[in-house]
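# Analysis of the macromolecular model
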Amino acid sequence: MSDPPPPFHVSRAKLKELMQCKGGVNIPQKIADDFGDIKSLWNGLLTNPETGIKGDADDIAQRKAAYGVNVIRTKKPKSIWKLIWSAMNDLTLVTLMVAALVSFILAFIAPPEKSSDVVVTESHSNWIEGAAIMVSVVLVVLITAYNDHKKENQFQALKDRIDKEVKCSVIRSGQPTNVLVSDLVIGDVCQVKYGDLIPADGIIVASNDLKMDESSLTGESDHVKKDSINNPLIFSGTHVMEGSGRMVVTAVGVDSEAGNIMKMLGNVSKTKEEKAQERLQKKENEKAKKLKNRAPKVSPNSQQAVITISEAGDEANDIQMSMLNDQQVSSDDQPHGGEDGVVAGTGPSHEHDGPSQVEESDGGKSVLQMKLTKLSSSIGFAGTIIALLTVLILFTRHTIDTYLVDKQEFALSQLNDYVKHLIIGITVLVVAIPEGLPLAVTISLACSVKRMTKDNNLVRHLDACETMGNATTICSDKTGTLTTNQMTAVDAYIAAVRHLDRLPKLVDLPHKVAALLGDAITINCAYTSRITPSEVVGEPPKQMGNKTECALLGFLLDLGIDYQAIRETNPEEKLHKVYTFNSARKSMSTVIRLPDSAGFRVYTKGASEIVLKRCTYIHGKEGNLEEFTAEKQASLLKQVIEPMAEGGLRTICVAYKDYRFKTTQPNEIEISSEPDWEADECINANFTCLAIVGIEDPVRPEVPQAIRQCQDAGITVRMVTGDNLHTARSIAIKCGIVTPEDDFLVLEGRQFNERIRDINGDVRQELFDQVWPRLRVLARSSPADKYTLVKHIIASKLNTKREVVAVTGDGTNDGPALKMADVGFAMGIAGTDVAKEASDIIITDDNFSSIVKAVMWGRNVYDSIAKFLQFQLTVNVVAVVVAFVGACAIEDSPLKAVQMLWVNLIMDTFASIAMANETLSNDLLKRQPYGRKKALISKRMAVNIVGQSLYQLVVIFSILFWGHQWFDFPSALIEEHRDAGPTEHFSFIFNVFVLMTIFNEVNCRKIHGERNIAAGLLGNIYFCVIILGSIIVQVIIFLEEISRTPPLRTKNVAGPGGMVRSKTQTSMRSNVSNSNLLQSSTSPTAV
């Protein structure tokens, strides 16, 4: 590993050693010591910092073979066997398995000592109950494990698809090209810019005001300045916060900083060779330790000791890493880290990356999950108490009757009676605990997430789906979300003339001003921004890159200026310094050298009211220079900028200034040496105004309707934008966020902070609560303002239901607000990697109407789970009461454990699928959101549950106590009849109970007091098929002697009115009657 791999002259170990230099190490000196100089390093890697690598297939293959690939092989997801084992650890299922085992043992070891042939036959078939319980448990375990396995695979496939779409810009053979992040190789020259997530480790070779966020590595929030001399190392998983640059890739995959951290977390899958090498290194390390303990201490001045340490240096990191891995607890032994701790390719330590984190972590912000957890715990506790009480009553009663009243002596066979009572208690517990609920939630979320993708919602975190249904506030960006993000210049003020009705042509402008304007816009726009002809005839040209810059470049094309020709004359390499746009400066500036080394020129562009304050001169009539006094600034602001802004235009001021060694014009600044470009005055003062351009970003045509839908749904939409107050108000009116007569607040960031902060500058919640309820537009806001707004709306207790906040973002600095929000939406087109990483849902079309779709899907999921909960709790209440009363009254439960497993787990699973596939309806947006604190079970749901339960209990108890008289079958109330084997009486009760439960699914489709419970029924094909299938399967089960449920024999019996009919006919007609009665009497109105 220490020898350079041919044809290269730099070893992989040396590169790893170089990239691990941190903490004040002199990097240039390190490079000089190890490689001679930086040029020798590039030569050794067969690359060029200007033209990159050759990039042909052979070159790429050699580099991958020599230095590895930019892929971190993560450990495989849990196998189906591990998921099965995990499912089997459920306490209820373990209890059932123990009961089944005891039933097996007693059935074969100690059969009841009775002489009846029927009873003996029955006793020899007692093992069937244990087998049936075991089969049911196995079925539940397999279904749960399969669902988990499928879900993991779906999310992994989704992540793999996203990873395959992530590309980066590299230079190969002198030509810029985009390659997949996984195809990056050592020696590649990678271009990085504001907002990028660094895909591999490298060394900076060129930079323009490049600043990095390395908080994911160091925990420090301060941005780190990077350049090619003082601090050239750049690491994977960090983010570009300002500027741009080029780097040469020097570490990929497991050798990168992200790979090192993932190895320490034990999340990297090793090849057989790597495992063998690791074992060998461990043995060598142990031998070295033993030799060290035996050998005498070596003098620190010993040359031999120095040589030994030096030679061991290359392996030290690997050994240390191996030891770190050994110290880590494997993913099988601890819940955090391991397989689900970090996802490859996304950086070392980011929240919400892995699918299992989404599934297993409650995250602290899922409204529904918190409510479900509380409800399940309460139900489980109550069920356990009732089950224990049932077992205690049965044990006590049986013991008294057998040993005190009947004076019987204890026999081993009598343990069967206690096992039977224990199974009755287990039945109550199985019935009480809604085992199907977690599976129902998962199925509802998974079904909805898959369908949401078609509505341009790429859900990254499952809980965000249902949380969005509870949203009460949406804080939305303007550009690209409410508007088309297709910027166009429609107004301009140049040389004291406003071109409102028609944009000027080149001949309309003074020659000098036109030339300066062409250079100022072209050179001071990112060279990645460009306009290309549309592939479809009649459509506007495509805007590639920053939309504002594209609007300015389009303005030049309309003038008749070829910006591409200017770029060819002034290539990007010749730019002396670039100050990229950031939220603090609200502007972008570029420095170039003047011809003949006469000095420097600084171009700037940005928000007009901000850039104008930095101007001291302006080109007036005929292009003549004029002093730009405070009075003229105020006049220009009032007469030009405000009218533009009131018309909904974004105003951009374009300006410049010259630093010259010899001045000839009053607006030039004389210098004797190159200015200090880090000084604020270089970009914040003494400019000359060239033009003010008004650009328009039209409101998306579907947005006003979408916002009206939100408002009807009780959701407040707030616009948070960096535009000025007038533009923001105009767009808000066009969107329908505010109307001219509304008494709502439209504030700038400065005014907002003045109102919510105390004299010490701290945000006070009581002051904030006086502002946010009426706030609808926040203009000239910074990302910090957005974060403050989101954080304190969530914290506010003005609304008793508490606010649930969704927020949109596309910029790097939107990350904190996206993470703070209950649901963070990132823009799929305009959004940076940082914004997407911090988000919960990615809007793939950057359209606000897609957010409304997310609201509908969220409410649909919430309602689906609430419907299932109403259905499940009705089953639980009825079954628990029947089991408890039956146990106490006749020492037996009419409903058996296996039967209730069928009802509570298998049938409920299909019910959850049926309800999860309800079609979206606009009615979802015609009610108020639930909010954070509203109870999961509403008053209407409680009424439905109680009403339906009372109805079913009346029917079941009537059949239990009088059914044998009505339908002329042996009464199961008599112990001898129960001892003779499974009874037709209990069979009839189970059949009626299941069919009432099936038809109750139809009632549970409506939970908001709707009168027509069949509305939309035929639109849900899944529901119809599942209802029909459940009935068919129940008939099959009913006709087979399974689960202690014998078939009803067809024989003539006298009905209650004396009519003679078959028992099967009676059962079916009774069930049809029950179902009709159910649909009429248990609808919300009847209840």
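Above: the structure in question.
These figures come from a predicted structure and were not determined experimentally. (Residues numbered from 1 in each chain as written. Predicted model: local features only at pLDDT ≥ 70, side-chain atom pairs only at ≥ 80, totals over all residues. Heavy atoms only, no water.)

### Comments concerning the pattern of salt bridges
- Summed over the entire model, instances satisfying the criterion amount to 30 salt bridges.
- One salt bridge in this structure joins D723 and K478, with 2.9 Å as the shortest N-O distance. On the criterion of sequence distance, the pair formed by D723 in the loop between β22 (716-720) and α25 (725-735) and K478 in the loop between β9 (473-476) and β10 (488-494) is long-range, its members being 245 residues apart.
- Its salt-bridge partner being R750, residue E748 comes within 3.7 Å of it at the nearest N-O pair.
- Because the salt bridges share partners, they merge into one network encompassing K14, E17, K30 and D34. (Salt bridge = Lys/Arg side-chain N within 4 Å of Asp/Glu carboxyl O. Helix = DSSP H or I, 4+ residues; strand = E, 2+ residues; numbered from the N terminus.)

### Focus on the nonpolar core
- In this structure, M468, I474, I737, F825 and F848 are the most contacted members of the largest nonpolar core, which totals 57 residues.
- Here the element with the most residues in this core is helix α31 (residues 848-890); it accounts for 12 residues. (Core = buried A, V, L, I, M, F, W, Y, C linked by side-chain atoms within 4.5 Å. Buried < 20%, exposed > 50% of the residue type's maximum accessible area, 1.4 Å probe, protein only.)

### Observations concerning the pairing of β9
- Alternating residues of β9 divide into T473 and C475 and I474 and S476, and every residue in both groups is buried.
- Bridging between β9 and β22 involves 4 bridges; their strand directions are parallel. Looking at β22, one finds that S476 is bridged to M719.
- With 3 bridges connecting them, β9 and strand β25 (residues 805-809) associate as parallel partners. Its bridge partner lying in β25, C475 is registered against V807. (Pairing = 2+ DSSP bridges.)

### Quick word on the environment of T727
- With respect to the helices and strands, the residue T727 is situated in helix α25.
- Taking relative accessible area as the criterion, T727 reaches 1% and is therefore assigned buried.
- The residues touching T727, leaving out its near neighbours within four places in the chain, are A645, G648, L649 and R650. (Contact = heavy atoms within 4.5 Å.)

### Regarding the sheet that holds strand β26 (residues 823-827)
- One open sheet accounts for 8 strands, arranged β8-β27-β26-β25-β9-β22-β24-β23; its pairing is mixed. The open sheet has two edge strands, β8 (457-459) and β23 (745-748), and neither has a second partner. Taking each pair of neighbouring strands and ignoring which way they run, the sheet shows an average axis angle of 20°.
- Along the sheet, helix α28 (residues 783-795) contacts β9, β22, β24 (775-779) and β25; its crossing angle with β25, the most-contacted strand, is approximately 165°.
- Against the sheet, α31 makes contact with β8, β9, β22, β25, β26 and β27 (841-843), and its axis sits at roughly 160° relative to β9, the strand it touches most. (Axes fitted to C-alpha atoms, helices over the stretch in contact; angles between N-to-C directions.)

### Some points on unusual backbone geometry
- Phi is positive for N686, close to 65°, though the residue is something other than glycine.
- Residue placement: N686 occurs in the loop between α23 (681-684) and β21 (687-696).
- Although it is not a glycine, R780 sits at a positive phi angle of roughly 45°.

### Brief notes about helix α24 (residues 703-712)
- All of the buried residues along α24 are V703, P704, A706, I707 and C710. Buried residues of α24, seen end-on, are gathered within an arc of 160° and therefore sit on one face of the element.
- Tucked into the core, α24 has its buried residues touching β9, β22, α25 and α31.
- G714 occupies a position one or two residues after α24 and carries a positive phi of about 80°. (Arc of directions from axis to C-beta.)

### Comments concerning the pairing of strand β1 (residues 167-172)
- As paired elements, β1 and strand β2 (residues 175-180) share 6 bridges and run antiparallel to each other. Bridging from a neighbouring strand, V170 pairs with T177 of β2.
- The hairpin formed by β1 and β2 contains 2 residues between the paired strands, and S173 there has a positive phi angle of roughly 55°.

### A short note on a nonpolar patch on the surface
- Nonpolar side chains collect at one region of the surface, where I400, L404 and V405 lie side by side and expose about 280 Å² of accessible area between them.
- With a relative accessible area of 38%, I400 lands in the partly exposed category. (Patch = residues over 30% accessible without salt bridge, like charges linked within 9 Å, V, L, I, M, F, W, Y side chains within 5 Å. Areas by Shrake-Rupley, 256 points an atom, 1.4 Å probe, with all protein chains shown as cover.)

### Describing the side chain of K226
- Its location among the elements puts K226 in strand β5 (residues 224-226).
- At 3.5 Å, the side chain of K226 forms a polar contact with the side chain of N231.
- Those residues in contact with K226, other than ones at most four positions away along the chain, are I204, S207, L210, M212, E214, N231, L233 and F235. (Polar contact = N/O pair within 3.5 Å; in protein donor to acceptor, adjacent residues only side chain to side chain.)

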